[in-house]
Number of protein chains: 2
Amino acid sequence: MKDFCYCLPTRFVFGRGAEQRAGAELSALGATRVLIHYGGGSAVRSGLIGRLEADLRAHGMEVFRLGGAMPNPRDDKVYEGIELVRREKIDFLLAVGGGSAIDSTKAIAHGACYDGDFWDFFCGKATVQKTMPFGVVLTTSAAGSESSNSSVIMQEKTKIKRGLGTEFNRPRIAFMNPELAMTVPKYQIASGATDILAHIMERYFTCETEVDLTDRLCEAAMQAVIRAARIAVKDPTNYDAQAQLMWGGTIAHNETLGVGRVGDFGSHQIEHELSALYDVAHGAGLAVVFPAWLRFQMTKPEHVMRIAQFANRVYGISMNFENPAETALRGIEAHESFLREIGMPLTLKELGARSEDIPALAAKTKRNPGTDVTGRAWPVNGAEIEAILRIADR
Amino acid sequence: MKDFCYCLPTRFVFGRGAEQRAGAELSALGATRVLIHYGGGSAVRSGLIGRLEADLRAHGMEVFRLGGAMPNPRDDKVYEGIELVRREKIDFLLAVGGGSAIDSTKAIAHGACYDGDFWDFFCGKATVQKTMPFGVVLTTSAAGSESSNSSVIMQEKTKIKRGLGTEFNRPRIAFMNPELAMTVPKYQIASGATDILAHIMERYFTCETEVDLTDRLCEAAMQAVIRAARIAVKDPTNYDAQAQLMWGGTIAHNETLGVGRVGDFGSHQIEHELSALYDVAHGAGLAVVFPAWLRFQMTKPEHVMRIAQFANRVYGISMNFENPAETALRGIEAHESFLREIGMPLTLKELGARSEDIPALAAKTKRNPGTDVTGRAWPVNGAEIEAILRIADR
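Summarised in this report is the structure supplied together with it. (Residues numbered from 1 in each chain as written. Chains lettered and ligands numbered in written order. Predicted model: local features only at pLDDT ≥ 70, side-chain atom pairs only at ≥ 80, totals over all residues. Heavy atoms only, no water.)

Let's shift gears to the interface of chain B and chain A. A common measure of how large an interface is: the accessible area buried when the components associate. Listed by partner, the interface residues are 37 residues for chain B and 37 residues for chain A. Summed over both partners, the interface of chain B with chain A comes to about 3,400 Å²; 60% of that surface belongs to carbon and sulfur atoms. Our count for the chain B to chain A interface comes out at four salt bridges. Among the ionic pairs, Arg227(A) bridges to Asp212(B), the shortest N-O distance being 3.7 Å. Our count for the chain B to chain A interface comes out at 14 residue pairs in polar contact (both at pLDDT 80 or more). Residue assignment for the side of chain B that touches chain A shows that the elements contributing at least two residues are strand S1 (4–14), helix H8 (212–234) and helix H9 (239–253) of chain B. Among the elements that make up the side of chain B that touches chain A, the one with the highest residue count is S1(B) (11 residues). By residue class, the composition of the side of chain B that touches chain A is 22 nonpolar, six polar and nine charged. (Contact = heavy atoms within 4.5 Å. Buried area = accessible area lost by both parts, 1.4 Å probe. Salt bridge = Lys/Arg side-chain N within 4 Å of Asp/Glu carboxyl O. Polar contact = N/O pair within 3.5 Å; in protein donor to acceptor, adjacent residues only side chain to side chain. Helix = DSSP H or I, 4+ residues; strand = E, 2+ residues; numbered from the N terminus. Nonpolar A, V, L, I, M, F, W, Y, C, P; charged D, E, K, R; others polar.)

Right, here's the structure in full:
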């Protein structure tokens, strides 16, 4: 187990009607001028934004709106938000939505406290030293951004999508009402569940040894998320399935399951280029990339036993002690079957991606600084990234 | 799943040499006059207290010492600490040790900010409104007090042991170096592991339904703790086993595994009277009480399936679908075998407790307010508490 420092200061208000406490809680946090940042019109049409606004006003706050946070959130909206914060002397940001609204809000919060271009943080030219307080009303289970230290933004002009990891990315408070996720389209529920599983898998497939406790916590969470996803995709109104997915999504990406481990995140880097180029749902992209990445890793004998462990403990595949590789492969197949069952794509074609783009996708994939490889635990180089994408091009 | 609010503000510094960062970290927290509160002489003899003192002084702090925190920590030490804090204008408390030193430190911190008698908090006459900042250098894996919302103190004159749950009980920072636990006597390692498991089991045996995610997280943690305890008791110098136990002890009692559930804690209430009367290790008392409590709960048909789930998923007992009670019973037996293997007592006699004390022990056991029952999930009344103690009196 690796040494670690860990602090998760986010306050979670979880359950039915959780968002109705936003006014009281934000007031206790000292918010006076609040910018609500959200995505498409559904949060407005459902009345959620209006209700939040009324509640915050009833608690004496001035409220401003910024809509239009898009999937694969764009830098232009961040610039717009930063300007608005400065003009209106906003002192608290409230993201309403999923990963896009939250990630965009994080970038606005950091950018508003910085004299330079906020993109400096995302391209590695500067590190965040200060941010403003922000919270979340979560409406969809996927990115885990409601308490992760991560934010991902796409630069519109270059179509480059970059992630930023910093402790300043942790929200002060997260209102999590699983009922709000019941109106999310089924494809998006499935895509969210795939993202959640990928966050766990990125941590699970590690090079660190003696991590039995977090191994088992990861396996536990994967089993529960798989079960809940199957139910929620069939019946989005099932509260308990939505609740397991929502909390599962949170712990999947806030290091509850990752402390003391080395995570990989190569699959995430490869996927970021897919969703940047084709504007597909991040989870759907991961449904294509992750199994291909696993199939590729099977070619490295030292990784077979851990994939077999995944097969056995997560999907209940009986261990073949004479031939662990067979067990491992059956685990990957079981994972693909699950993804197929919840309606996810498994191939580049289904995603609308083109074979001829593969070299460019591989070339653009973000590498570990100063190297040709991506991924921290089971790194793959440029040729191997291409090989992974070719496996996905079936 | 139940609705919940959850926030865990403790910062964890975990790994080899973690305590060497105390000076820098406490300085960053603004500490200037620090009281180090610890237990017996071993922390002094090992040089740990001296090293911490030197480090804090090197960072410009004034340092004071208060030793003598005892297992089943006493109120007299708390009064002494409160007086010292006031006299020396202490602004930060640093507990060094395990549950006793930490629980005692929590009580001192609350008491020092309160005009009345600190015992008011523990007997329910007052609620904590304010506390002073405190941190922990953990030297033994057991109580989970390094980030739990709990503190347990014994009133010397009445031999009454009472727990206090409040969010003010969460330390600001916890330095957790598994190497420090290597010199803990094997009996205490085993007793600590039993306490850790009991904290998980108190949450696991719940009346709440649809808690698949936290069920599985509990099972995962129990499996890892059982494995690590077996190793650490045989070889206390095994770093990785100590690390799993130490982090396992933390998540066992800080609601990582308990959110959205109803915990029981009846076994803890029953055990508190045992350790108050006979001054036995809390974990050893739990080794006697918890299996007896489980055997008693087997008489209630509605609880059999959950105990069978425990047997199957934690101890790998093959499920007998024709006779789940047989599976459940085999699970309890497996748990008893494990406790025996690591050197724990299983009977009142081994604990040094007397049969004739049973009625008094049952009578003294703390009840849920306004009722004759103890335990929130699977409550038991006075006659049933006696029956449980009789099962343990074998």
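Position of Arg216(B) relative to the elements: it lies in helix H8. In the structure, Arg216(B) is positioned 41 residues away from Leu257(B) in sequence and 9.0 Å away in space, judged by C-alpha atoms.

Here the focus is the sheet that holds strand S2 (residues 33–38) of chain A. Reading across the sheet, the 12 strands line up as S3(A)-S2(A)-S4(A)-S5(A)-S8(A)-S1(A)-S1(B)-S8(B)-S5(B)-S4(B)-S2(B)-S3(B) and stay open at both edges, with mixed pairing between neighbours. Each edge of the open sheet carries a strand with a single partner, namely strand S3 (62–66) of chain A together with strand S3 (62–66) of chain B. Each neighbouring strand pair of the sheet contributes to a mean axis angle of 25°, computed without reference to strand direction. Of the pairings in the sheet, the one linking strand S2 (residues 33–38) of chain B to strand S4 (residues 92–97) of chain B comprises five bridges and is parallel in character. From the neighbouring strand, Tyr38(B) faces S4(B), where its bridge partner is Val96(B). Each of S2, S3 and strand S4 (92–97) of chain A is contacted by helix H4 (residues 75–88) of chain A, which is oriented at about 160° to S3(A), the strand it contacts most. Sitting on the sheet, helix H4 (residues 75–88) of chain B is in contact with S2, S3 and S4 of chain B, with an inclination near 160° to S3(B). (Pairing = 2+ DSSP bridges. Axes fitted to C-alpha atoms, helices over the stretch in contact; angles between N-to-C directions.)

All told, the structure shown has four cavities of 30 Å³ or more when counted by the stated rule. For the largest cavity, the calculated volume is near 140 Å³. As for the largest cavity, its lining consists of 14 residues, of which Tyr6(A), Leu8(A), Thr256(A), Tyr6(B) and Thr256(B) are closest to the centre. Listed by contribution, the elements that provide at least two residues to the lining of the largest cavity are strand S1 (4–14) and helix H9 (239–253) of chain A together with S1 and H9 of chain B. Within the lining of the largest cavity, the residues separate by chemical class into 10 nonpolar, four polar and no charged. Put simply, the second largest cavity is a space of about 50 Å³. Along the walls of the second largest cavity sit Thr140(B), Ser141(B), Ala181(B), Val184(B), Gln188(B), Ile189(B), Gln242(B) and Leu245(B), which together make up its complete lining. Elements supplying a minimum of two residues to the lining of the second largest cavity: helix H7 (186–204) and H9 of chain B. Along the lines of polarity and charge, the residues of the lining of the second largest cavity split into four nonpolar, four polar and no charged. (1 Å grid on protein atoms, 1.4 Å probe; cavity = no way out; pocket = protein on both sides within 12 Å on 5 of 7 lines; lining within 4 Å. Points joined across faces, edges and corners; volume = space filled by probe spheres on them.)

The next thing to look at is the packing of aromatic side chains. Under the definition given, this model contains 34 aromatic pairs over all chains. Pairing Trp247(A) with Phe4(B) gives two aromatic rings, centres 5.0 Å apart and planes at 85°, and the pair type is edge-to-face. Of the two residues, Trp247(A) sits in helix H9 while Phe4(B) sits in strand S1, which places them in two different chains. The class of Trp247(A) is buried, set by a relative accessible area of 4%. Both rings, one in Phe118(B) and one in Trp119(B), keep their centres 6.2 Å apart while their planes meet at 85°; by these two values the pair is edge-to-face. Each member of the pair, Phe118(B) as well as Trp119(B), carries the same accessibility label: buried. Feature note: the residues Tyr204(A), Phe205(A), Phe290(A), Trp293(A), Phe310(A), Tyr315(A) and Trp378(A) constitute an aromatic cluster, connected by ring pairs. Cation over ring: Arg306(A) sits above Tyr204(A), and NZ or CZ is 5.1 Å from the ring centre. (Phe/Tyr/Trp six-rings, centres within 6.5 Å; stacked < 30°, edge-to-face > 60°. Buried < 20%, exposed > 50% of the residue type's maximum accessible area, 1.4 Å probe, protein only. Lys NZ or Arg CZ within 6 Å of the ring centre and 35° of its normal.)

It is worth spelling out the side chain of His335(B) at this point. Among the structural elements, His335(B) can be located in helix H13 (residues 324–341). Residue contacts for His335(B): discarding those within four places in its chain leaves Leu197(B), Met201(B), Pro291(B), Phe310(B) and Tyr315(B).

All names here are of chain A. For helix H10 (residues 266–278), with 13 residues, the first-to-last C-alpha span of 19 Å sits near the 18 Å given by 1.5 Å per residue. Burial analysis of H10 places 11 of its 13 residues in the buried class, the great majority of the element. Those residues of H10 that fall on the buried side of the exposure criterion are Gly266, Ser267, His268, Ile270, Glu271, His272, Glu273, Leu274, Ser275, Ala276 and Tyr278. Phi turns positive, to about 55°, at Asp279, one or two residues after H10. (Expected span 1.5 Å × (residues − 1).)

Moving on, we get to the relation of the copies chain B and chain A. Aligned on chain A, chain B shows an RMSD of 0.0 Å; the corresponding rotation is 180° and the shift along the axis is 0.0 Å. The superposition of one copy onto the other is thereby described by a two-fold rotation axis. The rotation axis passes nearest to the C-alpha of Pro9(B) in chain B, at a distance of 2.4 Å. A symmetric contact is evident, with 100% of the interface residues of chain B recurring at the interface of chain A. (Least-squares fit on C-alpha atoms with pLDDT ≥ 70 in both.)

Moving on, we get to the nonpolar core. With 186 residues, the main nonpolar core has Phe205(A), Trp247(A), Phe205(B) and Trp247(B) as its most contacted residues. Among all residues touching Phe205(A), those that are not within four sequence positions of it are Asp264(A), Phe290(A), Trp293(A), Leu294(A), Arg306(A), Ile307(A), Phe310(A), Ala377(A) and Trp378(A). (Core = buried A, V, L, I, M, F, W, Y, C linked by side-chain atoms within 4.5 Å.)

Applying the stated rule across the entire model yields 66 salt bridges over all chains. A salt bridge links Glu62(A) to Arg33(A), with the nearest nitrogen and oxygen atoms 3.4 Å apart. Pair noted here: Glu62(A) is in strand S3 and Arg33(A) is in strand S2, with a separation of 29 residues, a long-range link. Look at Arg33(A) and you get partly exposed, because its relative accessible area is 24%. Its salt-bridge partner being Lys125(B), residue Asp120(B) comes within 3.9 Å of it at the nearest N-O pair. Salt bridges sharing partners connect three or more residues here, namely Arg33(A), Glu62(A), Glu83(A), Arg87(A) and Glu88(A).

Between H9(A) and H8(B), whose axes approach to 9 Å, the crossing angle comes to 45°. Considered as vectors, H9(A) and H8(B) are oriented oblique to each other. Residues Gln244(A), Trp247(A), Gly248(A) and Ile251(A) of H9(A) form the contact with H8(B), whose participating residues are Asp212(B), Leu213(B) and Leu217(B). Looking at the contact of H9(A) with H8(B) residue by residue, the class counts come to four nonpolar, two polar and one charged. (Parallel < 35°, antiparallel > 145°, perpendicular 65-115°, else oblique.)

Take the packing of H7(B) against helix H10 (residues 266–278) of chain B next. Residue and element names in this part refer to chain B. One way to put it is that H7 packs onto H10 with a least axis distance of 9 Å and a crossing angle of 140°. Taken together, H7 and H10 sit at an angle that is classed as oblique. Where H7 approaches H10, its residues Asp195, Ala198, His199 and Glu202 are matched on the opposing element by Gly266, Ser267 and His268. For the contact of H7 with H10, the class distribution of residues is one nonpolar, four polar and two charged.

The next thing to look at is the environment of Ser318(B). Residue and element names in this part refer to chain B. Its place among the elements puts Ser318 in the loop between helix H12 (304–315) and H13. Its relative accessible area of 57% is what places Ser318 among the exposed residues. As for Ser318 and Gly331, which are separated by 13 residues in sequence, their C-alpha atoms are 9.7 Å apart. Discounting residues that sit within four places of it in the chain, Ser318 has contacts with Asn312 and Thr327.

All names here are of chain A. Inspection of the secondary structure assignment puts Gln155 in strand S6 (residues 150–155). Classification of Gln155 by relative accessible area gives buried; the value is 11%. Those residues in contact with Gln155, other than ones at most four positions away along the chain, are Asp75, Trp119 and Ile160.

On their own, these measurements won't tell you what the molecule is for.
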